[in-house]
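The primary structure of each chain is shown beneath.
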Amino acid sequence: KEMSSTKEATPNQSDLAHEEGNKIKNNNNDEPKGEEVAEIEEQLFLHNLCILPPLQKEEPTDKSQVGKDAIMLPSISPAEPVSAIRGALAEIRGYAHITNYRLVLENIDGSFHQSVVDASKTKKESEKQKEEQSNGANNNKVVNESTGEVSKKKKKKGQINGNSSSSVQISDVVSPYTSSKAVIKVPSSFLSLDNDPISGGETEEDSNNGQDEAEIVLNDFGDLSPYVEAGQLESNMALRMVLERYDTGLVKEHVNKTRFLLEGSAPCVLRVVGNEGNEAKAGEDAKVDVYNDKSEEKEIDNETEKGPKTNPIEMLLPDFPFDKSVALNGKSLKDFYYLACGEEQRLQLLNDKVPGDFINVQKEKDEKDVNADKFKNQIIEAQTIAARWSELDDMCYVNCNISFGGFNPPPSNRRILGDLAYLEVELPGKEGLVHVTAIPSGFYINRTSGDKFNPAPADEPCFSHELLDCLLQKSASLRNEWSVALKASSERSELATANDAPVESLFRAVVKRDLKTGSSDNRSTAQQQIDAVTLRPSWIDHDHEESIHRRNVPRLEENLSSTFGVELGVGVARDWNEELQSAREMTTESIEDRIERARIIHKTLNDFADASVVGAMAIFKGQISPMNPNEPSRAHVYLHNNIFFSRAIDAGVDTFKISQGDKCARKSASRDAHSVGTLHKLDVAGLNTLATVLIDYLGTRLICQSIVPGILQGEKTHDVLYGAVEATAPLEWSKEMHETLEQKLGKTLMIATRNIQRLPMTKERMEYVEARKTAPLISMIDAKQDDESSDEKKTDGVTPFFGPVEMKGIRGSDKRSYCLDITRLTARDANWVPKEQGGTANWESNYQDDKSSLVPESLFDDEWVMAILRPELVIHFTHKKMREWTEAKSAVAATKESDDNVNESSAEKTAEKEKKSDHLKKFLELSESEYKKVLCMNLNVFLPYMKGQDGLDAEDIEKIQQDEELVREAANHLWTVILPGITQDIRTGSGSSIPADGKGLTEFLHQRGVNCRYLGRLAELAKVEEEKVNEEERDVLAGKCKEIPRHKMPQCWLESLECEMVARASKHVLDRYLTLNGCVAASQPAIDIASFLSALMTRGEEKASETENRLKDEASDEEQIQLATLTFDDDSVLKRGHSEIWADIEEEVGRRFRYTLQIYNNKDNDKARRAPLIPLLRRFCQRIGIRLKAKNYKVGAKGLISSMISYPIAAQDIVEVVPLVKHAASSEEESFIPCVAGAVAASTSLHVLLPEAKNAFDAAQGCLSQKQFVSALDLIQEATNLYQRVVESPFHNRVYRCLELTSVILFQAHEYDLAIINANKAVAVAIQIGGFDSKEVLSSRSTLAHILLNTGNIASAVKQQRATMYLMEVMAGPRFVELSNSYHKLGTIYHEVGSLINSLRFYQEAFARNNPDRVIEGLLSKHSASILATLGQFKAAFETERRTYQTFRLALGEDHEFTKSSQDSMKQFMKMSIDQHKQADEEKKKHDEVIRKRLEERAAEELGNQMVADEVAAEEKKKKKKKRSNKKKK
């Protein structure tokens, strides 16, 4: 277990050492000498400390054995926490099972200390020898150096390295220091109870508490520095373990630790090491700390260029036979994790038992390809190691179930005798069940049998202070299995050390089930394996077989004893609000103070989110009762763990609000959380907000908030300072709070203060509220704002007000001021305000009266009341107005300074500027700060149920009119400038790259100030651009134009927009269906969800005959589905078919985005084939929290929807539905994040309140752009260190960005090895933060592929590139713009290495992907023509080159260099084709002539043969005739 040492100290100590080093350098102007460094280290660190085994009652006769069992510590800092030392001991063999002890200081003689040091050295040397033997033998692996063949000896189950564990003695596995001979003392926390402050002093007997001598006990919650400062601790001393007595709580903790060790976590660490040694890892840790695995730091030279090293294996590229396409299939979800990691060869090995072929770039023609064979064997070896790893995981699991027995709790007579608990232990083998009694001193076997209770000790009680030692003494089978587990854990640790690539470890953990042998026992599901790797749950689970749910008594105990997030150990529930506000009020004088403040705030918010999710799930399951059970369910609120839970629905008219309806309430909750997050990031002193989390689950949204002190108390303990609580109450106003809001937020957020009525609601609205007003039993806020009588309150007149009119300022009982209900920090979007109410009428003018359109004609919709402008748009618009104002002011100044000698052209320019500044003339006399105030926006314009201008004077009315015009101008700027600008940037490629998925698209739009409700408008503009492209191509075919634009509109842009619209609309539709079915009370929601998914993924519904034929053709498991659960047709509300579901989706798209779908659910086959279904499935599952089985779903065909058994996605394909969490303090634009087991996934995106970290990161980017690599590296390392010190983990989005930037800096500084290491770490961190298919993983893999390719690691680069291509297919669809570029890149790689056929296939695939850049299309055709010409296909080369020429001529013109070059090549290929044709004709003629001659010769020969035959026949005839005549004569 690695601890901080001289090479890696704790952060504070590291900074101190750095400062000391700088002092020496400044004083001596030279590097410190070795003796000085040693002296500094001697002062700063403790050396040769050791930990002695538990204290015994009698002095051991053999001290050498104690020395061997002692643990040497590396050189550590006095600032080392004692808890870190205990944590290290918790993973060391022989000490891991000991939980209840204290550490005391002990002086030991020099000889004994030296024996401990020598024993530690001997142990270290034996480990090195063992490691060398392991590397030499390579785990019984034999390698033939000439052929690279690998052979491996098969190990039997239960055997490790060929050693049998059939006979294990007690002394081999049981600790000799935990028996009845051990000293077991009263817990150190009780020692102070004897120190009576009025006793006048302590006797020696009292101070020793009955022990032989006084002892110095280390404080577990502190560090070592107090003991060093007091002179009690120094180098060459010892820490002695002293066992302590148990209580009931400690027994439970000890049992949990014992279970943990037996369930696959057997310790393998033998000693504590620092950075000077190789760390032995305690088993396989799925979440690898990929950043802390630091490489040796190197000094970067800005001028020195180092060449990359080339590995022969990296010259091997995968070959693609003709029966295998070079294209990746994005619909292949069954092999998702293999393809997403680029492990195509491993997948082929899994399926076909042999890896694929390779092309050796450096192999000569006649040379034997030994490297290819070695590479294949490496793949086989990697698969073999992974399989062995899975087998070792099973061996580490000990089949011993420990549970608390049915005789608990002990009866009173036994409690007074010391019994704490009774345990039931199922021993392995056939040894049966034993009963164990826990007492303060330890554990022993009792005489209980079956239902007969007998707590007396058994004949062989096997007493031990530790439960594991007690059981090991009792059971020989357990000893055997534990011995096997220890050895398997050691071998697994060796594998982890030898195969410590972070990404490989993550991949191996996910696909571990694929490597299980037939006899292996699958104890963990694929879902559990993935959740152990990634913080954010994946939408798809790698599971090829049914998950096994096993009996687990500890899991039952944990579930039944759950407190739903309440920490009972501290005695009371945590006061989240006090913790958060106290942390915000911490001092910020020094950098250390600011780091500590940011760390505590981050931890508090993270813990609050975790507790909120646990409490919300308990509410969803009905395990927590509401505070107001006598009210309707809509009004139910909950208080649990000091967190207030309420539903985001319209519960009535009692509270002050300007909107109504459930849709508006859901949106209002989201806006409030976003505003709270904005104030959190601004970190305004004196302006407090509540910790806020939103949770979505099965159609229900819960608001989780910390509690304002005193707000739930019946007595008057809080005051309303600002705004109103009740709908009919007048607005309160506090000068102090108003000034704080105006000064701290007004300039930053561009918010204006305006006079409004004290009773802002209209008379009609107030009458409506009074008529429906109720008196709830319990409400969030006491409605009594003041004890004064109503006639004394001021209900008329106006009051200055800052912010949204619904906002409330409340002073809690802690005298802090809190802001609540901050529903918006920008004005309402005038584009979504009806024209009759003062809107821009942009949507109305764009409306088309089409009967087939589902877009509503009117904008009257309660939900659009919450449609507000984005703050990024306000900033962009403000900069535009300031720029115009500055130019106008400059034009006026130029006019005043001009004289009569100004030339005519200058006068015209000045006049033009004056013309532009006419509308700004009334503001030109203002100063810059005054004009900025003019640009501040009124947040309360265009609101319903407001009095508006009634009761205001003329000046206030004029201001409101100006405010409305300013908001309309900003909305028009968005409509006329930003949206068309985005469309043109997408077509020309001048902006950033097109986002690959919905999350990236959301961030892309938000960064430009565009809300996602404008997806429909962007899709309309994209459709217009596509029609222009089609018209251009038709004109080209008709010969009507000689020039066309270079860039086409990427088809993937419209597809991505529609995919996001359908996913968002489908979420609302399914939420509505689930609400109709009872939300979380639905009996079988998986059936409804599967039917809905099947409708999304299909183009129609099957007929009964088609379903019957399909079931006959497929190996259907319909009967298994029917038998899996009872289904009741009457329980499911969802009986809709394909057409009904899509009708609701299209209606929601029309209402929400004012758009009619063109691709999805289109009856035109050509348009329907464009619909990217797999990206839609992925995105929809992410937005709902659905997790699917990894299967190749047949999408795009007909399906079965309106049935209990749906197709292609069945109910049993739904693995889980997880809650979605939105943390108000999150820094991500994608608000809701899927989460399991608490809100740990949300912590990866929490905003870090440390400006120094962001400043260092931004400065590093600036230095990188200026090629200042040394400064850039220093700054990015500082930023990474600051972020990690705050979040206390490398798993944070900002840390990931630091790692990626670090790899880029190192690559450009020509430190290629370090760049590759950091790029791999960035990939691993991205996977663990966002899953295997997040946009961060796509970006980091692309960066890694680029670095590998440019450093000569071609094979690894191709692997990473193929992984990114598959992710693009899944995330964005087959027409994603970067796919064509990626295939082009692979084609170039294979072309350069001489693999022409593969290169041609990649070029053809890239061309088929319809690249939006016509020049790139021309280059692809040109490369293809060149390869065809090289292959001798001159006619095909000519045709391809002619297409190239046409493309270049139309896009670039006749005179461009590319066009001329293509023309020359075309002529050359034409000539070569003609020559080839002529040569072919001549060869044909020659061939025909040869054939003719051969035929003539054959005919002549046959004629000659015939003549000879005739002559012979005639001669024979003559002879016969002559013979007959002779016979007659005779």
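Here the structure is a predicted model, which means the values were calculated and not measured. All residue numbers here refer to positions counted from 1 along the written sequence of the relevant chain. The predicted nature of this model means local features are confined to residues of pLDDT at least 70 and side-chain atom pairs, given and counted, to a pLDDT of 80 or more, with totals for whole chains, interfaces and linings taken over all residues. Processing note: side-chain calculations cover all non-hydrogen atoms of the structure and skip hydrogens and water entirely.

Draft legend 1. Seen up close, the overall build of the protein chain. Strands are runs of DSSP state E lasting at least 2 residues, helices are runs of H or I lasting at least 4, and numbering of each runs from the N terminus. Counting its secondary structure elements, the protein chain contains 48 helices and 29 strands. Relative accessible area decides the class of each residue, using a 1.4 Å probe on protein chains only: under 20% of the type maximum gives buried, over 50% gives exposed, and in between gives partly exposed. Expressed as a percentage of its 1530 residues, the buried residues of the protein chain come to 51%. As presented, the protein chain carries roughly 72,400 Å² of accessible surface, and 48% of it is formed by carbon and sulfur atoms. Method for areas: the Shrake-Rupley scheme with a 1.4 Å probe, in which residue coverage is limited to the protein chains shown.

Draft legend 2. Structural context of a nonpolar patch on the surface. To count toward a patch, a residue needs a relative accessible area above 30% and no salt bridge. Like charges then connect within 9 Å, nonpolar side chains (Val, Leu, Ile, Met, Phe, Trp, Tyr) within 5 Å. Here, a salt bridge means any side-chain nitrogen of Lys or Arg that lies within 4 Å of a carboxyl oxygen of Asp or Glu. Residues Phe322, Ile1397 and Leu1431 make up a contiguous nonpolar surface patch of about 310 Å² in total accessible area. Mapped onto the secondary structure, Phe322 falls in the loop between β8 (316-318) and α10 (336-340).

Draft legend 3. Fine view of the packing of helix α16 (residues 502-510) against helix α41 (residues 1312-1330). Closest axis-to-axis distance for the α16/α41 pair is 8 Å, and the angle between their directions is 35°. Packed against α16, whose contacting residues are Pro502, Val503 and Leu506, the element α41 presents Asn1320, Val1323, Ala1324, Ile1327 and Gln1328 at the interface. Polar here means any residue outside two lists: the nonpolar Ala, Val, Leu, Ile, Met, Phe, Trp, Tyr, Cys and Pro, and the charged Asp, Glu, Lys and Arg; Gly therefore counts as polar. Partitioning the contact of α16 with α41 into residue classes produces six nonpolar, two polar and no charged. Think of each axis as a best-fit line through the C-alpha atoms, taken over the contacting stretch in the case of a helix, with angles from 0 to 180 degrees between the N-to-C directions. A contact between two residues is defined here by any heavy atoms of the two lying within 4.5 Å.

Draft legend 4. Fine view of the sheet that holds strand β27 (residues 1214-1217). Judged by pairing direction, the sheet is mixed, and its three strands sit side by side in the order β14-β25-β27 without closing on themselves. Only two strands of the sheet have a single neighbouring strand rather than two, namely β14 (540-541) and β27. Relative to strand β25 (residues 1186-1189), β14 runs parallel, the two being bridged by two bridges. Across the sheet, residue Asp541 finds its bridge partner in β25, namely Lys1189. Across the sheet, helix α32 (residues 1085-1096) is in contact with β25 and β27; its angle to β27 comes to roughly 110°. Lying over the sheet, helix α37 (residues 1173-1184) contacts β25 and β27, oriented at roughly 135° with respect to β25. Any two strands with at least two DSSP bridges between them are considered paired.

Draft legend 5. Quick look at the confidence of the model for the protein chain. For every residue, the pLDDT score states the predictor's confidence, bounded by 0 at the bottom and 100 at the top. On average, the protein chain scores 81 in pLDDT, and the residues at 70 or more come to 80%. In the model, residues 1-33 has pLDDT below 50 throughout and makes 61 contacts with residues more than four positions away in sequence or in other chains. Counted against residues more than four places away or in other chains, residues 200-212, with its pLDDT under 50, gives nine contacts.

Draft legend 6. How the structure looks around the nonpolar core. Remark: nonpolar core denotes a set of buried residues (Ala, Val, Leu, Ile, Met, Phe, Trp, Tyr, Cys) joined through side-chain atoms within 4.5 Å. With 234 residues, the main nonpolar core has Trp1053, Ile1145, Ile1186 and Leu1188 as its most contacted residues. Residues in contact with Ile1145, not counting those within four places in the same chain, are Val1062, Ala1065, Ser1066, Val1069, Phe1092 and Leu1096. Listed in part, the 34 residues of the second largest apolar core include Val255, Val434, Leu472 and Leu486.

Draft legend 7. Focus on the environment of Thr1388. Tracing the backbone shows Thr1388 in helix α44 (residues 1377-1392). C-alpha separation for the pair Thr1388 and His1423, spaced 35 residues apart in sequence, amounts to 8.7 Å.

Draft legend 8. The arrangement of the sheet that holds strand β22 (residues 808-811) in detail. Within the open sheet, the three strands sit side by side as β19-β22-β23. Their pairing is antiparallel. The two strands at the open ends of the sheet, each matched to only one other strand, are β19 (719-722) and β23 (817-820). Looking at each pair of strands side by side, their axes are set apart by 35° on average, direction ignored. Across the sheet, helix α22 (residues 735-749) is in contact with β19, β22 and β23; its angle to β19 comes to roughly 50°.

Draft legend 9. Up close: the pairing of β22. In terms of strand pairing, β19 meets β22 through three bridges, oriented antiparallel. Directly across from Val720, in β22, lies its bridge partner Ile810. Note that β22 and β23 share four bridges and pair antiparallel. Bridge pairing in β23 links Ile810 to Tyr818. Hairpin connection, β22 to β23: the antiparallel pair is bridged by five residues, and Lys815 has positive phi, about 65°.

Draft legend 10. Quick peek at the pattern of salt bridges. Within this structure, the stated rule accounts for 75 salt bridges. The shortest N-O distance in the salt bridge between Arg634 and Asp662 comes to 2.5 Å. Placement of Arg634 in the loop between α20 (591-620) and β15 (637-640) and of Asp662 in helix α21 (residues 662-682) is noted, with a sequence separation of 28 residues between them. We classify Arg634 as partly exposed; its relative accessible area is 39%. The salt bridge involving Glu1369 is made with Arg1409; its shortest N-O contact spans 2.8 Å. Remark: Arg1409 occurs in the loop between α45 (1396-1408) and α46 (1414-1430) and Glu1369 occurs in helix α43 (residues 1354-1372); sequence separation between them is 40 residues. With a relative accessible area of 5%, Glu1369 lands in the buried category.

Draft legend 11. How the structure looks around α37. For α37, built from 12 residues, the straight-helix expectation of 16 Å at 1.5 Å per residue is met to within 8% by its first-to-last C-alpha distance of 16 Å. A large share of α37 lies buried, amounting to 12 of its 12 residues. Within the sequence span of α37, burial applies to Leu1173, Ile1174, Pro1175, Leu1176, Leu1177, Arg1178, Arg1179, Phe1180, Cys1181, Gln1182, Arg1183 and Ile1184. At the C-terminal side of α37, Gly1185 shows a positive phi close to 95°. What a helix is expected to span follows from its residue count: subtract one and scale by 1.5 Å.

Draft legend 12. Fine view of the packing of aromatic side chains. Pairs were defined over the aromatic rings of Phe, Tyr and Trp, the Trp ring being its six-membered one, requiring ring centres within 6.5 Å. Orientation was assigned from the angle between planes: stacked under 30 degrees, edge-to-face over 60, tilted for the rest. Under the defined criterion, the tally for this structure stands at 25 aromatic pairs. Between Trp576 and Phe608, the aromatic rings sit 5.8 Å apart at their centres with planes inclined by 75°, giving edge-to-face as the arrangement. Note that Trp576 is positioned in helix α19 (residues 576-584) and Phe608 in helix α20, a separation of 32 residues in sequence. The burial state of Trp576 is the same as that of Phe608; both residues are buried. Here the aromatic residues Phe336, Tyr337, Trp539, Phe1332 and Tyr1366 are joined through ring pairs into a cluster of three or more. Charges are assigned to positions over rings by a cutoff of 6 Å between ring centre and Lys NZ or Arg CZ, combined with an angular limit of 35 degrees from the ring normal. In this structure, Arg1008 packs its charged tip against the face of Phe1004, placed 3.8 Å from the ring centre. Above the plane of the ring of Phe1407 lies Arg1443, whose end atom (NZ or CZ) is 4.3 Å from the centre.

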